[in-house]
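What follows is each chain in one-letter form.
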Amino acid sequence: MSASKNTVWRKLNLLALLLFVFAPLILYPFASLLGYAFTFNGKISVEGFVGFFTSPTTRAILEASLKILVISGVLASLTGITIAAVIYFFPFKGSGPLVRFMELFVSFPSFLVAFTLIFQYGDEGSVNILLKEIFGLEQAPLSFLFGIGGVVLAQVIYYTPFIVRPTLNSLLKIDPSAIEAAKTLGAAPGMVAREVILPQATAGIFAGVILCFLLTLNEFGILLVLASAQLVTLPVSIYSEATINLDLNAAAVQAVIMLVMSVCLYLVYRWFAHRAGEA
Amino acid sequence: MKTFVTFLPRALVIFVIFMFFVMPFIVVALSAFADQWSGTVLPSSYTFKWFVNLKPADWYALRMSLYVAAEVAFLATAISVWLALTIQSVGGKVGKVMDALAMFPISVPSVVLGLAVLITYSSRPFDLSSSWQIVVLGQTALVLPFAYRIIAAGLQQEITSLKDAAKTLGAPPVMVLREVTLPMLGPAIRTSIAFTMAISLGELGVTMMVYPPGFETVPIDVINKVNRGFYYDASSIALILLAISLTVLTLIAYLRLDFWRGSKRRELAK
C-alpha cells in the first residue's frame, strides 16, 4: 500500500517538474524557436536556412563572427596559458590573491570592460595620452578601438581568466612526485615539461580553451559598445532582426545556426572536461 | 642571470594582470568621480556631480535590476533544490535526461535564449510581452544551470547517508526534508542565491531581447548612455551596480566555491 502510494507521489512530482519547470523554461521556448526557424511564408520549409547560406550579407556576418572568434579565442588562450604557466613555474608572493582577483573579475559585466577601454585606448584616452607625452608624438599612437581591434582586445581581456583557472587547476593536479622522479632520473627541464607535465595537463587546458571559444562566440555586450556599423556578428544580427526589423523568422534561423554551433562546442568541452576529471 | 630569468616573466604577468584586470575597476571608479577626463592621463579634478545628476529613470533602473535579481535568484535556487532532490531520488536514465535538460541553457547563447523566450511569451496563449516578468522568466532559464550545479554539489554523499539514517529511524519524508536536507544545504543555497543575483545584475543579452517598453535595468541604461556618449553618467550608475554586485559576490569568495567546474555534480550523476 505504502509502496504504491510512494510511486504515485513520485510520478506526480515528475509531472509537476515537467509542467512547471522544464516546459515553461526550456521545452516550450526552444520548440517555438525551432518552429519559427523552419517556417517560411506560413509553410514548413528549410527555405530560411538556404537563404542564410546563399545570401552574401548573412554569409559576411557568419564570416565576421568566425574571424573574431578565432582571433580572440587564440589570443585569449595564449595569454591565459602563459599567465597560468608563469604562476605555476615561478610562483611569487601574492600570486594566490592575484588568481583570486581574476576569478572575481568575471563578476564585472563584459560590456563594462569594453566601456572602460574607451577611457584608456580611445584617441583622448589615458594610455594614448601617456604614450604621446613619453614619445613626444603629435597624434594618438593607438587608434584601433572602434572596430575589430577593440572588440578583440575587450574579448581577450574578459575571457582570459576563464583560461587561467582551468589551466592552473590541471597543472596543480599533477602529482609532484612524478615530476620529482623524472628529475631524479636525470630528465632536463624541457623534457619534464614535454613528457610529464604536458600529457597530464592537456585535457584540462583544452577544456578551458573550448569554454573560452564558446563564451567568445556568444558575446553580445562588447559588440554593442565597440563594434562599428559594418562589424556585425551573429548575436548582434539576431538582436537587430528581432527587435529592429521585427523579422522573427529570420532571427530564429540565425539563432538555430548559432545554437547548433554552441551546443557542438559545449559537447566538445564536456568531453575534454570529462577526460581531465578522470586523468 | 638566473634572477633575471625569473624576474622577467613575473614582472610581465603582473603588468598584464594590472592592465587587463585591475584597470577596468580603477577606470570605472575614476571616471564616475571625474569632473572631466579627456586628453589627460588622469582626470583633471574630481566631483560628485554625476551621482547628483542621476535622474529618477536611473534610480528606477537600479530598483528594477534589484527586483529582477532577487526574484531570479529566489526562483532559480528554489527550482534547483527541487530539481536536485528529485534527480537524486529518481536516478537512472530519467535522472540523466533531467540533468541534461537542466544543464542545457549553459550551452545556449544568451541572445538565442532571449529570442526563444520572446517568441514564446509575446503572443497568446501566454502573453507576457508587457510585463517585466518576461525578463525574470528569461533570466531564470539562463541562470538555472549555475544554480542547479551549485545545489547538486551541495547534496553530497554524506547528506544522503544522513537522510537514509533518518528514514530508517522512521522519520516521515517531510521531517527528513525540514530537519536534515535543507539545513545541510544551507551554504549551497546561500552561494546559489549570491551567484545567480550577481549574474542577473550584469545580464544583458536576454534582457535586451525581451524587455517590455518603458522597462529598464542598469545594464540597458548604461548601454544607452554609452551609445549616446554620456560616459560619466554611465560610469556613475555602473559603479553603484558594481558595488552591489561585488558585495554579493564577496559572499562567494568567502564561501570558497569553485563555481565553474562541475566535478562534484558529475560524481553525483554516476
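Participant: Hey, could you run me through the overall build of chain A in this one?
Facilitator: Within chain A, the regular secondary structure consists of 13 helices and two strands. Taken over C-alpha atoms, the radius of gyration comes to 24 Å for chain A, far larger than the 19 Å a tight globule of 279 residues would show. Overall size of chain A, expressed as C-alpha extent along the three principal axes, is 70 × 65 × 35 Å. Within chain A, buried positions represent 50% of all 279 residues.

Participant: Sorry, what's going on with the nonpolar core here?
Facilitator: Burial of nonpolar side chains together is a common tendency in soluble globular proteins. Leu-33 of chain A together with Leu-83 and Leu-115 of chain B are the most contacted members of the largest nonpolar core, which totals 178 residues. At 14 residues, helix α3 (residues 56–90) of chain B tops the list of elements feeding residues into this core. Setting aside anything within four residues of it in sequence, one finds Leu-115 of chain B in contact with Leu-33, Ile-238, Ala-242, Leu-248, Ala-251, Ala-252 and Ala-255 of chain A together with Met-209 of chain B.

Participant: Can you walk me through the layout of surface pockets in this structure?
Facilitator: Empty space left among the atoms is revealed by rolling a probe the size of a water molecule over them. Approximately 990 Å³ is the volume attributed to the largest pocket. For the largest pocket, the lining is made up of 22 residues, of which Asn-6 and Arg-10 of chain A together with Ser-89, Lys-167 and Pro-173 of chain B are closest to its centre. Of all elements in the fold, only α1 (2–37) of chain A together with α3, α7 (157–168) and α8 (173–202) of chain B reach the threshold of two or more residues within the lining of the largest pocket. At seven residues, the largest contribution of residues to the lining of the largest pocket is made by α3 of chain B. In the lining of the largest pocket, the residues fall into ten nonpolar, eight polar and four charged.

Participant: What is the right way to read the side chain of Ser-192 of chain B from this model?
Facilitator: Residues and elements named next belong to chain B. Tracing the backbone through its elements, the reader meets Ser-192 in helix α8. Judged by its relative accessible area of 0%, Ser-192 falls in the buried class. For Ser-192, the contacting residues outside a window of four places in its chain are Thr-77, Ala-147, Ile-150 and Ile-151.

Participant: So what exactly am I meant to see when it comes to the side chain of Thr-160 of chain A here?
Facilitator: For Thr-160 of chain A, the position within the fold is in the loop between α7 (148–159) and α8 (161–172). Polar contacts involving the side chain of Thr-160 of chain A include one to the main-chain carbonyl oxygen of Val-156 of chain A, which spans 2.5 Å. Not counting residues within four places of it along the chain, the set of residues in contact with Thr-160 of chain A comprises Ala-76, Thr-79, Gly-80 and Ile-83 of chain A together with Phe-21 of chain B.

Participant: Looking at this structure, I do not really get the interface of chain A and chain B. What am I missing?
Facilitator: Across the boundary between the two partners, chain A contributes 82 residues, which contact 81 residues of chain B. Summing both partners gives a buried area of about 7,500 Å² for chain A against chain B, and 79% of it is carried by carbon and sulfur. When residues of chain A are sorted by the area they lose upon contact with chain B, Leu-25, Phe-111 and Phe-119 of chain A head the list and together hold 9% of the total. Counting across the chain A and chain B interface gives zero salt bridges. Counting residues per element, the side of chain A that touches chain B draws most heavily on α1 of chain A, which supplies 17 residues. Class assignment of the residues belonging to the side of chain A that touches chain B gives a composition of 60 nonpolar, 14 polar and eight charged.

Participant: How should the confidence of the model for chain B be read in this particular structure?
Facilitator: Do not read the fine detail of predicted coordinates wherever pLDDT is low. Residue and element names in this part refer to chain B. Confidence along chain B averages 84 in pLDDT terms, with 90% of residues attaining 70 or more. Averaged pLDDT values over the elements of chain B bottom out at 44 in helix α12 (residues 263–269) and peak at 95 in helix α5 (residues 110–121). Residue range residues 257–270 is modelled with pLDDT below 50. Its contacts to residues more than four positions away, or to other chains, number 36 contacts.

Participant: Explain the packing of aromatic side chains here, please?
Facilitator: Working definition: an aromatic ring pair is given by the centre-to-centre distance plus the angle between the planes. Throughout the structure, instances matching the rule amount to 27 aromatic pairs over all chains. An angle of 85° between the planes, with centres 5.1 Å apart, marks the rings of Phe-52 of chain A and Phe-53 of chain A as edge-to-face. Of the residues examined, Phe-53 of chain A reaches a relative accessible area of 42% and is grouped as partly exposed. Pairing Phe-33 of chain B with Phe-51 of chain B gives two aromatic rings, centres 5.1 Å apart and planes at 40°, and the pair type is tilted. Residue Phe-33 of chain B is located in helix α1 (residues 2–33), and its partner Phe-51 of chain B is located in helix α2 (residues 49–53); the two are separated by 18 residues in the primary sequence. Taking the relative accessible area as the measure of exposure, Phe-33 of chain B reaches 29% and is therefore partly exposed.

Participant: How do you make sense of unusual backbone geometry when you look at a structure like this?
Facilitator: When glycine is set aside, most residues are seen to have a negative phi, and most peptide bonds are trans. Residues and elements named next belong to chain A. Notably, Leu-246 is not glycine yet its phi reads approximately 55°, a positive angle. Among the structural elements, Leu-246 can be located in the loop between α12 (234–243) and α13 (248–278). Accessibility expressed as a relative area gives 65% for Leu-246, which makes it exposed.

Participant: Could you clarify how one ought to interpret empty space enclosed by the protein in this entry?
Facilitator: Applying the stated rule across the entire model yields six cavities of 30 Å³ or more. The volume enclosed by the largest cavity comes to roughly 960 Å³. Tyr-158, Phe-162 and Leu-215 of chain A together with Phe-146 and Ile-199 of chain B are the residues nearest the centre of the largest cavity, which is lined by 36 residues in total. Here the element with the most residues in the lining of the largest cavity is α8 of chain B; it accounts for four residues. Among the residues making up the lining of the largest cavity, the classes are represented as 26 nonpolar, seven polar and three charged.

Calculation criteria
Residues numbered from 1 in each chain as written. Chains lettered and ligands numbered in written order. Predicted model: local features only at pLDDT ≥ 70, side-chain atom pairs only at ≥ 80, totals over all residues. Heavy atoms only, no water. Helix = DSSP H or I, 4+ residues; strand = E, 2+ residues; numbered from the N terminus. Rg over C-alpha atoms; globule rule 2.2 N^0.38 Å. Buried < 20%, exposed > 50% of the residue type's maximum accessible area, 1.4 Å probe, protein only. Core = buried A, V, L, I, M, F, W, Y, C linked by side-chain atoms within 4.5 Å. Contact = heavy atoms within 4.5 Å. 1 Å grid on protein atoms, 1.4 Å probe; cavity = no way out; pocket = protein on both sides within 12 Å on 5 of 7 lines; lining within 4 Å. Points joined across faces, edges and corners; volume = space filled by probe spheres on them. Nonpolar A, V, L, I, M, F, W, Y, C, P; charged D, E, K, R; others polar. Polar contact = N/O pair within 3.5 Å; in protein donor to acceptor, adjacent residues only side chain to side chain. Buried area = accessible area lost by both parts, 1.4 Å probe. Salt bridge = Lys/Arg side-chain N within 4 Å of Asp/Glu carboxyl O. pLDDT = per-residue confidence, 0-100. Phe/Tyr/Trp six-rings, centres within 6.5 Å; stacked < 30°, edge-to-face > 60°.

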